[in-house]
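Here is what each chain is made of, one letter per residue.
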Amino acid sequence: MTDTTTDGTSETRSAGTGTVTVSINGADVTIDEGATLLDACNAAGVSTPTLCYAENLTPVNACRVCVVEVEKSRTLVPSCSRAAEDGMVVQTDSSRVRHSRKMVLEFLDSGVDLSQTSTLGVGEDAISLADWAAEYDVDSSRYGPAAEKIDEEIKIQDNLYIRDYDKCVLCYKCVEACGDDAQHTFAIAVSGRGFGARISTEFDVSLPDSACVYCGNCVAVCPTNALQFKTEFDLRQADNWRETEQTVTRTVCSYCGVGCNLELHVQDDTIVKVTSPNDHSVTSGHLCIKGRFGWQYVQPTITRQNPAPQPEA
Ligand code: SF4
Ligand code: SF4
Ligand code: FES
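Throughout this description, residue numbers start from 1 for each chain and increase along the sequence as written. All chains are assigned letters beginning with A, and all ligands numbers beginning with 1, in the order in which they are written. This being a predicted model, a pLDDT of at least 70 is required before a residue's local features are given, and a value of 80 or more before pairs of side-chain atoms are given or counted; all residues contribute to the totals for chains, interfaces and linings.

### Some details on the overall build of the protein chain
The cut-off we apply is this: Secondary structure elements are defined from DSSP: runs of H or I of at least 4 residues count as helices, runs of E of at least 2 residues count as strands, and each element is numbered from the N terminus. We call two residues in contact when their backbone-placed C-beta atoms lie within 7 Å.
Each helix and strand counted, the protein chain has 8 helices and 16 strands in total. Over its C-alpha atoms, taken along the principal directions, the protein chain stretches across nearly 85 × 55 × 40 Å. Of the contacts formed within the protein chain by residues at least 6 apart in sequence, a portion of 55% connects residues at least 24 apart.

Rendered as structure tokens:
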């Protein structure tokens, strides 16, 4: 096929099939043009740990736990953002990859509280942090008891969500969700450098004084529970957060005509948090304050539980 370029010259390229074929650990997989190496790994049935990646956000390559080795590439590449090219030869389990993933997980574990990071990965490919730690023989204790840990007071400034930055891995997901990937509010960003880097509002003002509009989209994408619904936080404090017993019911938000889908997480007949499915074309996992936090009106009230006696007919 011959194309004419903007400067009037012509170039030749083969007729595109719309697909590319790459080798993942020796097995060929064919995926759509424009797909990433992470997509190729998923197509090949190879699980990949991810932390800063989310289906509904632009990859920022912050964590590097998803790196793979590409033949003829000098450095390891982040699979979550690297586009697959025809003929690429990729190894996901080489000693370089294993060593790099182990180091990333150990460094994070040595400085940050990962106790509420349940899984690494996305959707059905997500695997527990404990399993990945075992897979890569993670042992952060080898950095010694003096390894510096993030140690800050939990920020509780309202009844909607809390911020516990001891758990923050600086994955940038909340910044992306608050910024041009979803909310376009830009209330939070990374301030400081090195070990002092933190997610912060402008001039570190409290959330109610910031530009935050309480959509909660940052909370929904946080992989470590550094941002946490206040309802969940309170139940965890009371040692009563029983996630495995919770039901999740999908419904449609009734506040306006946009039609966002809601997932109601219910424990003991009480809504404990609201999320939105990533695969829904209207929301892509994001909501506004009303859909996310305005659910108390459907909770059982004292009046409903103990209706006043009615006069006999
Ligand atoms: S608060 Fe959560 S989403 Fe934001 S950077 Fe930290 S870990 Fe990532
Ligand atoms: S979540 Fe907000 S935008 Fe979506 S339907 Fe409800 S009120 Fe409308
Ligand atoms: S998941 Fe790919 S760089 Fe973080």
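### Notes on the nonpolar core
Defined as follows: Among buried residues, those of type Ala, Val, Leu, Ile, Met, Phe, Trp, Tyr and Cys that are joined through C-beta atoms within 7 Å form a set called a nonpolar core. Neighbour density around each residue's C-beta defines its exposure: 20 or more other C-beta atoms within 10 Å make it buried, 12 or fewer make it exposed, and counts between make it partly exposed, where C-beta atoms are placed from the backbone. An automatic or database domain assignment is the source of the domain bounds shown.
In terms of nonpolar packing, the biggest core is built from 59 residues, with V22, A40, C174, C218 and V221 touching the most fellow members. Looking at this core, you find at least three residues from each of domain 1 (19–142) and domain 2 (161–298). Beyond its immediate sequence surroundings of up to four residues, V221 is in contact with A54, L57, K173, C174 and A177. Counting 7 residues, the second-largest nonpolar core is a separate cluster that includes C215, C253, C260 and C288.

### A closer look at the pairing of strand β16 (residues 270–275)
Note the cut-off: A strand pair is defined by DSSP finding two or more bridges across the two strands.
Both strand β15 (residues 261–267) and β16 contribute to a ladder of 5 bridges, which runs antiparallel. For E263, the partnering residue across the bridge sits in β16 and is T275. The turn joining β15 and β16, which pair antiparallel and follow one another in sequence, is formed by 2 residues; a positive phi near 55° is taken by D268.

### Quick notes on the sheet that holds strand β5 (residues 67–70)
Worth spelling out the cut-off: Axes here refer to lines fitted to C-alpha atoms; in helices the fit is confined to the stretch in contact. Angles between the N-to-C directions go from 0 to 180 degrees.
Overall, mixed pairing links the 5 strands, which are arranged β4-β3-β7-β5-β6 in an open sheet. Every other strand in the sheet has two partners, leaving β4 (27–32) and β6 (77–78) as the edge strands with one partner each. The sheet contact formed by strand β3 (residues 19–24) and strand β7 (residues 89–91) spans 2 bridges and is parallel. Opposite I24, over in β7, you have V90 as the bridge partner. Across the sheet, helix α2 (residues 95–111) is in contact with β5 and β7; its angle to β5 comes to roughly 160°.

### Examining the sheet that holds strand β14 (residues 247–252)
The antiparallel open sheet is built from 3 strands, whose spatial order is β14-β15-β16. The sheet is open, and its two edges are formed by β14 and β16, each paired on a single side. Each neighbouring strand pair of the sheet contributes to a mean axis angle of 30°, computed without reference to strand direction. In this sheet, β15 lies alongside β14 in antiparallel orientation, the contact comprising 6 bridges. Among the inter-strand pairings, T251 is bridged to a residue of β15, identified as L262.

### Comments concerning the site of ligand 1
We apply this condition: Nearness here is judged by the C-beta atom: place it from the backbone, and if it falls within 6 Å of a molecule or strand, the residue counts as near that partner. Gly is put with the polar residues, along with every residue not named as nonpolar or charged; the nonpolar set is Ala, Val, Leu, Ile, Met, Phe, Trp, Tyr, Cys and Pro, and the charged set is Asp, Glu, Lys and Arg.
Close contacts around ligand 1 come from 13 residues, with C168, C171, C174, C222 and A226 the closest. Across the shell around ligand 1, the residue classes break down as 11 nonpolar, 1 polar and 1 charged.

### Some points on the domain arrangement of the protein chain
Entries for the protein chain in the domain assignment read domain 1 (19–142) and domain 2 (161–298). A C-alpha centroid distance of 25 Å is found between domain 1 and domain 2. With 16 residues of domain 1 at the interface, the matching set in domain 2 holds 18 residues. Split into classes, the residues belonging to the side of domain 1 that touches domain 2 amount to 10 nonpolar, 4 polar and 2 charged.

### Section: the confidence of the model for the protein chain
Close inspection of predicted coordinates is inappropriate for parts of the model with low pLDDT. Keep this limit in mind: Along the chain, pLDDT gives the predictor's confidence residue by residue, from 0 to 100.
Chain-level statistics for the protein chain give a pLDDT mean of 90 and a share of 91% at 70 or above. Scored below 50 in pLDDT, residues 1–15 makes 11 contacts in the model with residues more than four places away or belonging to other chains.

### Here we look at the environment of E152
With respect to the helices, strands and loops of the structure, E152 is situated in the loop between α3 (129–135) and β10 (161–163). On the neighbour-count criterion, E152 (11 C-beta atoms within 10 Å) is exposed. Residues E152 and D166, spaced 14 residues apart in sequence, show a C-alpha to C-alpha distance of 6.1 Å.

### A look at the environment of V282
The residue V282 is located in the loop between β16 and α7 (289–293) in this model. Sequence separation between V282 and V258 is 24 residues, and the spatial gap between their C-alpha atoms is 7.6 Å. Residues within four places of V282 in sequence aside, it is in contact with V258, G259, C260 and N261.

### Here's the deal with α2
Here is the rule: Expected helix span is taken as 1.5 Å per residue step, with the number of steps being one fewer than the number of residues.
Over its 17 residues, α2 runs 24 Å from end to end, which matches the ideal 24 Å to within 8%, given 1.5 Å per residue. All of the buried residues in α2 are V97, R101, V104, L105, E106, L108 and D109.

### Section: unusual backbone geometry
Residues other than glycine seldom take positive phi values, yet N25 does so here, at roughly 50°. Examined against the element boundaries, N25 turns out to sit in the loop between β3 and β4. Look at H184: it is not a glycine, yet its phi comes out positive at around 55°. Mapped onto the secondary structure, H184 falls in the loop between α4 (173–178) and β11 (188–191).

### A few points about the environment of E135
Within the fold, E135 resides in helix α3. Distance in space between the C-alpha atoms of E135 and L105 is 11 Å, their sequence separation being 30 residues.

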